[in-house]
Amino acid sequence: MPLLKNGTTLPANVSALLGRIVLDILQELGGVFLFFLRGFVSIFRYPFQTIRTVRQVFFIGARSVFLIGIVGLFTGMVLSLQGYYSLAKFGSEGVLGGVVALSLIRELGPVLTAIMITARAGSAMSAEIGIMRITEQVDALFTMGVDPIRYLVSPRIVAAVLSFPLLTALFDAIGILGGYITGVGLLKINSGIFLSQMDYLVSLQDPVNGFYKSLAFGLLVVTICCYQGFYVHTRHGGHGAKGVSLATTSAVVYSCVGILIADYVLTSILM
Amino acid sequence: MRTPLIEFRKVTKRFGDKVVLDRVDLSIYAGEVTTLIGRSGEGKSVTLKLIIGLIRPDSGDILYRGKSISQMNRAERERFRREVSFMFQSNALFDSLTVRENIALPLHEGSKAKDPTIRERVDHKMRVMDLEGTEDKYPSQISGGMQKRVALARAIVTDPDTVLFDEPTTGLDPVRKNSVLGMITSNQRDYGFTAVLVSHDVPDVFYISNRIAVLEQGRVIFQGPPQDLEQRDHPVLQEYVSSQEILRNEIYGLQSAKSLERTFSKFREDPEKRDAVMFVISLPEYHIIKEEIGHLMVEIMLGSIANIFYRVSQSGSACKAARYREDRIVCLCDPDGGTRDPEEVLRGAAFEFNNIDFCSAGMRERQTVFSVRGGWDRIGSELSLGQLMQEIEQKERLLGSVSCRSGG
């Protein structure tokens, strides 16, 4: 076995490196989980932060309505278009309504809504908290005896729990409307068949599962984005404005990857 | 013996391989202004952050009111946070909140005060800090000096027992710098909080500080009254003293005790100078005056007394006045300089003391009567400076009882 300069062998070095990486990842995941737990538990500490929570619901929820509506509409439309093309090959154009509705309610609605909110609100959350951190505003909260996690993170968790399912429902509804416009209006599928197939294929469990997913994505996105901003000062190689930009990028990337991984896991469990 | 309000016991703090604080012992007393000075990177801000709990020591203990901060339970820690406030070097104002919201935040979050009470207290602090008219502006819409005032208002709005100031004057022009130092002093005097300052503004901070702690290479190499700094021979301390002397000389024409000792020795060695006259002017109620009207004002008054003395003696550069101990000025006059008769000088000074208005407009509510005493002797060839001082002290007489003039 070849000896390296430090007296160890190459495989030993590689396994040490891998071990360190795994430990780092586990430590980071543990940190994220504890961060979420602190934020979550603080929601129930009196006095409740009603005004700040309402502001966050407005920021995450109300201000995302237009974006979610546009994305939902065109997703439904393109889904209908593509679905029609595929189904026509099997002579099953009639089930288009059900296919569009199922795809949106079970998968695309929760996933795309979560990704869109990540892009719009998650990145802003991360940047805002990151800037507060590097300008010592987070430390200022601490010195005033205010728990920064309770003040900054807890209202956002509540807002995400309220906003993500509602926006997902909106996305689904507008997406189905888009699918209907394309399917019935442009592709001339019979309106009754389109709607009856939806009614036939979609069960109550489907939107319930979609609701669970949107809830999980909401918690995931808000935790990752707040965490990245909150601990921006501990990043390697990125301080100040650069650190905030890196944290924002990481927040969006990790959230999107997390959403897709969680989607797979949840789909496996809920199916 | 006084018990310190905050006490560091062998506190060590490292960042990586760098030891920032190395077994530091430090005492901060209630009701005083304590200033931490030292070169950049010597751990001054770290010291403040250790006190407030933003970072923790690697070893050693920090006590607050005799209780270890690290061993405080939740209730004690919450009380500690209410009692101790922090003003950041960068102000750390919440940029998405208005000036009013920034000042009100500690009350909203950290107290059970009702909205009308909070409004009243915020309004009062804004009035005191001359911030009226900026209530609805955001920090980015006001000047740097105003931002400092907002930060100061936020730091004291909860009426804390202790306020920690991290370089409160950094980046300000001299006018704003003096205004911020003045604000800290006047508020400290009015509200009686304990102030701990980190500052590079030597010697300015000496005039507003009761105690100075000098940090050098991770250790506290001096802690005590600013006047005692002059008595130490440590080269780093002498750097600070000489920088203090330069400004003091410029403002009041006062020299350091060390400088006076050098002049005295020179006169003693020269037979032609043994007729030189040494005057001593003292304020026996120095500490009472300081409590009544504040540290900064009593310093300014001593400067005024020295100026009066110069004017009355008509000595020009023939007399060298120095601060010898905190409550007395010693003046050494060269016989070749054509100084007037010593008795005549003291009589003239007494007349001036009784006719001058020592009070600034803001001091009138706190006016106090105090006496100025004085005496003189020739330096001769036998006595040391200390012995001569004692001789003169025994011969000192009342020159006048001075106070702020009513309605003046």
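Nothing here was measured: the structure is a model prediction, and the numbers come from that model.

**Q** What should I look at first to understand the overall build of chain A in this one?
**A** The secondary structure content of chain A amounts to 10 helices and zero strands. C-alpha extents for chain A along the principal axes are approximately 70 × 60 × 30 Å. Here chain A, with 271 residues, has 41% of them falling under the buried criterion. Contacts in chain A between residues far apart in sequence, at least 24 positions, make up 86% of those at least 6 positions apart.

**Q** I'm lost on the interface of chain B and chain A in this one. Help?
**A** Note: interface size is frequently given as the accessible area lost on complex formation between the parts. At the interface, 14 residues of chain B touch 10 residues of chain A. With four residues, the single largest contributor to the side of chain B that touches chain A is helix α3 (residues 99-110) of chain B. Across the side of chain B that touches chain A, the residue classes tally to eight nonpolar, two polar and four charged.

**Q** Would you mind showing me how to read the sheet that holds strand β9 (residues 211-216) of chain B here?
**A** Adjacent strands of a sheet form backbone hydrogen bonds with each other and so pair up, either parallel or antiparallel. All names here are of chain B. The sheet built from six strands is open, its strands ordered β6-β7-β8-β3-β9-β10 with mixed pairing. Two strands lie at the open edges of the sheet, namely β6 (84-87) and β10 (219-224), each paired on one side alone. Pairwise comparison of adjacent strand axes, ignoring direction, gives a mean angle of 15° for this sheet. In this sheet, strand β8 (residues 194-198) lies alongside strand β3 (residues 33-38) in parallel orientation, the contact comprising four bridges. Paired with threonine 35 across the strands is leucine 197, a residue of β8. Helix α1 (residues 44-52) contacts β3, β6, β7 (162-166), β8 and β9 of the sheet and is inclined by roughly 150° relative to β7.

**Q** Just checking my understanding: could you explain helix α13 (residues 342-355) of chain B for this structure?
**A** An α-helical segment advances 3.6 residues per turn. Residues three or four places apart therefore align on the same side. All names here are of chain B. Between the first and last C-alpha of α13 there are 20 Å, a value that for 14 residues agrees with the 20 Å anticipated at 1.5 Å per step. All of the buried residues along α13 are Val345, Leu346, Ala349 and Phe353. For α13, the arc enclosing every buried residue in end-on projection is 95°, short of the 170-degree limit, so these residues lie on one face. Across from the buried face of α13, at angles greater than 90 degrees, the exposed residues are Glu343, Glu344, Asn354 and Asn355.

**Q** Can you help me understand the packing of helix α9 (residues 205-230) of chain A against helix α10 (residues 240-270) of chain A in this one?
**A** Each packed pair of helices is defined by two parameters, the angle between the axes and the distance between the axes. All names here are of chain A. The N-to-C vectors of α9 and α10 enclose an angle of 155°; their axes lie 9 Å apart at closest approach. The angle between α9 and α10 places the two elements in the roughly antiparallel class. Classified by chirality, the crossing of α10 by α9 is right-handed. Here Asn209, Tyr212, Lys213, Ala216, Phe217, Leu220, Val221, Ile224, Cys225, Gln228 and Gly229 of α9 come into contact with α10, specifically with Ala247, Ser250, Ala251, Tyr254, Ser255, Gly258, Ile259, Ala262, Asp263, Leu266 and Leu270. Looking at the contact of α9 with α10 residue by residue, the class counts come to 14 nonpolar, six polar and two charged.

**Q** When you look at unusual backbone geometry in this model, what are you seeing that I'm missing?
**A** Leaving glycine aside, a negative phi is the common case for residues, and trans is the common case for peptide bonds. Of note, the bond from tyrosine 46 of chain A into proline 47 of chain A is cis; its omega dihedral lies within 30 degrees of zero at 0°. Even without a glycine there, the phi angle at arginine 65 of chain B is positive, about 50°. Looking at where arginine 65 of chain B falls in the secondary structure, it is placed in the loop between β4 (59-64) and β5 (67-68). Even without glycine at this site, glutamate 167 of chain B takes up a positive phi of about 45°. Assignment of secondary structure puts glutamate 167 of chain B in the loop between β7 and α6 (174-191).

**Q** Can you walk me through the sheet that holds β4 of chain B in this structure?
**A** All names here are of chain B. Taken together, the four strands give an open sheet; going across it, the order is β2-β1-β4-β5, and neighbouring strands pair in antiparallel fashion. Of all the strands in the sheet, just β2 (18-28) and β5 have a single pairing partner and so form its edges. Looking at chain direction, strand β1 (residues 6-15) and β4 are connected through five bridges and run antiparallel. Note on β4: the bridge partner recorded for threonine 12 is serine 59. Contacting β1, β2 and β4, α1 runs over the sheet at an angle of about 115° to β1.

**Q** Looking at this model, I keep getting lost on the environment of glutamate 7 of chain B. Mind explaining?
**A** All names here are of chain B. Within the secondary structure, glutamate 7 sits in strand β1. For glutamate 7 and valine 24, which are 17 residues apart along the polypeptide, the C-alpha to C-alpha distance reads 9.9 Å. Here glutamate 7 is in contact with Ser27 and Leu63, once residues within four sequence places are set aside.

**Q** How should I be thinking about the pairing of β2 of chain B in this particular structure?
**A** One face of the sheet, then the other: side chains in a regular strand alternate in exactly this way. Residue and element names in this part refer to chain B. When β1 meets β2, the two strands line up antiparallel, connected through seven bridges. Bridging from a neighbouring strand, isoleucine 6 pairs with isoleucine 28 of β2. Between β1 and β2, which follow one another and run antiparallel, lie two residues, and glycine 16 among them has a positive phi close to 65°.

**Q** What should I look at first to understand the confidence of the model for chain B in this one?
**A** Detailed reading of the predicted model is not advised wherever pLDDT is low. On average, residues of chain B carry a pLDDT of 81, and 85% of them reach 70 or more. Here the prediction assigns the complex a pTM of 0.71, and the interface score ipTM is 0.79.

**Q** Help me understand the packing of helix α4 (residues 96-134) of chain A against helix α8 (residues 191-201) of chain A, please; the structure alone is not making it clear to me.
**A** All names here are of chain A. Put simply, α4 and α8 touch, their axes get as near as 6 Å, and they point 50° apart. Taken together, α4 and α8 sit at an angle that is classed as oblique. The interaxial crossing formed by α4 with α8 has right-handed handedness. Contacts between α4 and α8 involve Leu96, Gly97, Gly98, Ala101 and Leu102 from the former and Phe194, Leu195, Gln197, Met198, Tyr200 and Leu201 from the latter. Tallied by class, residues from the contact of α4 with α8 come to eight nonpolar, three polar and no charged.

**Q** What is the right way to read the nonpolar core from this model?
**A** Across soluble globular proteins, nonpolar side chains have a tendency to be buried as a group. The biggest cluster of nonpolar side chains holds 123 residues, and the ones touching the most others in it are Val221 and Cys226 of chain A together with Met87, Ala153, Leu164 and Phe165 of chain B. Counting residues per element, this core draws most heavily on α4 of chain A, at 16 residues. Non-local contacts of valine 221 of chain A, meaning those with residues more than four positions away in its chain, are made with Ala114, Ile117, Thr118, Gly122, Ala160 and Ser255 of chain A. If you look at the next biggest cluster of nonpolar residues, it comprises 38 residues, including Phe279, Leu332, Phe353 and Val402 of chain B.

The rules behind these values
- Residues numbered from 1 in each chain as written.
- Chains lettered and ligands numbered in written order.
- Predicted model: local features only at pLDDT ≥ 70, side-chain atom pairs only at ≥ 80, totals over all residues.
- Helix = DSSP H or I, 4+ residues; strand = E, 2+ residues; numbered from the N terminus.
- Buried ≥ 20, exposed ≤ 12 C-beta atoms within 10 Å, placed from the backbone.
- Contact = placed C-beta atoms within 7 Å.
- Nonpolar A, V, L, I, M, F, W, Y, C, P; charged D, E, K, R; others polar.
- Pairing = 2+ DSSP bridges.
- Axes fitted to C-alpha atoms, helices over the stretch in contact; angles between N-to-C directions.
- Expected span 1.5 Å × (residues − 1).
- Arc of directions from axis to C-beta.
- Parallel < 35°, antiparallel > 145°, perpendicular 65-115°, else oblique.
- Left-handed = near helix turned anticlockwise from the far one by under 90°.
- pLDDT = per-residue confidence, 0-100.
- Core = buried A, V, L, I, M, F, W, Y, C linked by C-beta atoms within 7 Å.

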